[in-house]
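Summary of the model geometry
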Amino acid sequence: MAKMKAVQVPKPGGNFEAVERPIPEPGRAQVRVKVEACGVCHSDVLVKDGLWPGLQYPRIPGHEIAGRIDAVGADVTQWKVGQRVGVGWHGGHCFVCDPCRRGDFILCKNGKVTSLSFDGGYAEYVVVPAEAVAAMPEELPADEAAPLMCAGITVFNALRNAGARAGDTVAIQGIGGLGHLGVQYARQMGFRTIAIGRGTGADKQGLAKKLGAHEYIDSDAGSAGDALQKLGGAKVVLATAPDSKSISNLVDGLAPAGKLVLVGVGPDPLNITPLQLILTRRAVQGWPSGTSKDSEDTLLFSALSGVRPMIERYPLEKAAEGYAQMMNGKARFRVVLMVS
Ligand SMILES: [Zn+2]
Ligand SMILES: [Zn+2]
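Because the structure is a prediction, the values reported are computed rather than measured.

1. Overview of the coordination of the zinc ion (ligand 1)
Angles between donor atoms at a metal ideally measure 109.5 degrees for a four-coordinate tetrahedral arrangement and either 90 or 180 degrees for a six-coordinate octahedral one. Within the first shell, the zinc ion (ligand 1) binds the protein through Cys41 (SG), His63 (NE2) and Cys150 (SG), at distances of 2.0 to 2.2 Å. Mapping the donors of the zinc ion (ligand 1) onto the primary sequence yields the spacing C-x21-H-x86-C. With His63 in the loop between helix H1 (45-48) and strand E4 (65-72) and Cys150 in the loop between helix H3 (142-145) and helix H4 (151-160), this pair connects stretches of sequence that are 87 residues apart. Each member of the pair, His63 as well as Cys150, carries the same accessibility label: buried.

Structure below.
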């Protein structure tokens, strides 16, 4: 049986190990993707540390996959061998539960997640359900496309569904893996874009401006919510950094009927009083990335508008090093494993 290079986690909390595994065969409704690049996402910690109930080991992590279709199952009609594609967090849905019957596939009650429900993209090949695949424009290089499959789609899809219209003020909290993409998307979607970061160093403020922010707020300099209100208040605040205390403060920076949208996962509770929401009809909402078609939209919009992630590249064999760089917060801003 032909073998492939892969990096797997042998058990919950175990170290990454470079291994040879049999190249998997696609089932009837699956496709096999030859992986070119795979992003390292903070959610890979779920695989590494065994934080996902029922996860089977050994497990190959990785849900920011860019590559080409290499083989298709007998029942697959919509994909062809050789097509450039991406696979993200959304790893398939059941088509029969109530949310699926309403066409809301990302809310599927039996939804699969790439690398949690089946092996992911820290490998030369990956097999995924056909409905989990997104077509990828030729002009996007695989290394820059990979992070768009989770980080990119999450902020893109949250922003385009948050209710802001062209010209509205939109604030992006955090300028990291998610936020540096959020600032670019907000600008390219036609919003008055305010970046909220920590510190005034030229690196932060200058970077925010370079990414397209019209204004920059330093959340270390005082209440960012007040500062945002002084700038007119935001129709939407997209919270990308997992800092529940500073996120709670931003409710006061929302315009009337404004919405705080959460995509960064922090462990601490938000501290928001009913009165902060009621009289001004403000709302707080979470947003769960999107389907493969949403990923496709993300890729097309990025190709069209020039939105690109800032990345650090590592060879597949150095996945542990790349993962450590991401976990210690030193990566600027997404780590990508170069597979082939
Ligand atoms: Zn992710
Ligand atoms: Zn379903």
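Structure shown, so let's carry the discussion forward.
2. Section: unusual backbone geometry
In this chain, Tyr57 is followed by Pro58 through a cis amide linkage whose omega measures -5°. Although it is not a glycine, Ser289 adopts a positive phi angle of roughly 45°. By relative accessible area, which is 6% here, Ser289 ends up buried.

3. A few points about the pattern of salt bridges
Counted under the stated rule, the structure contains 17 salt bridges. Arg32 is the salt-bridge partner of Asp70, the closest N and O atoms lying 2.5 Å from each other. Residue Asp70 is found in strand E4, and its partner Arg32 is found in strand E3 (residues 30-40); the two are separated by 38 residues along the sequence. Taking the relative accessible area as the measure of exposure, Arg32 reaches 12% and is therefore buried. Across the pair Glu64 and Arg334 runs a salt bridge, and its minimum N-O distance is 2.7 Å. Residue Glu64 is found in the loop between H1 and E4, and its partner Arg334 is found in strand E15 (residues 334-338); the two are separated by 270 residues along the sequence. For the pair Glu64 and Arg334, a shared accessibility class is recorded, and that class is buried. Beyond isolated ion pairs, a larger network of salt bridges with shared partners links Glu36, Arg68, Arg84 and Glu138.

Quick notes on the rules
- Residues numbered from 1 in each chain as written.
- Chains lettered and ligands numbered in written order.
- Predicted model: local features only at pLDDT ≥ 70, side-chain atom pairs only at ≥ 80, totals over all residues.
- Heavy atoms only, no water.
- Donors = N, O, S within 2.8 Å, 3.2 Å for Na, K, Ca; no water.
- Helix = DSSP H or I, 4+ residues; strand = E, 2+ residues; numbered from the N terminus.
- Buried < 20%, exposed > 50% of the residue type's maximum accessible area, 1.4 Å probe, protein only.
- Salt bridge = Lys/Arg side-chain N within 4 Å of Asp/Glu carboxyl O.

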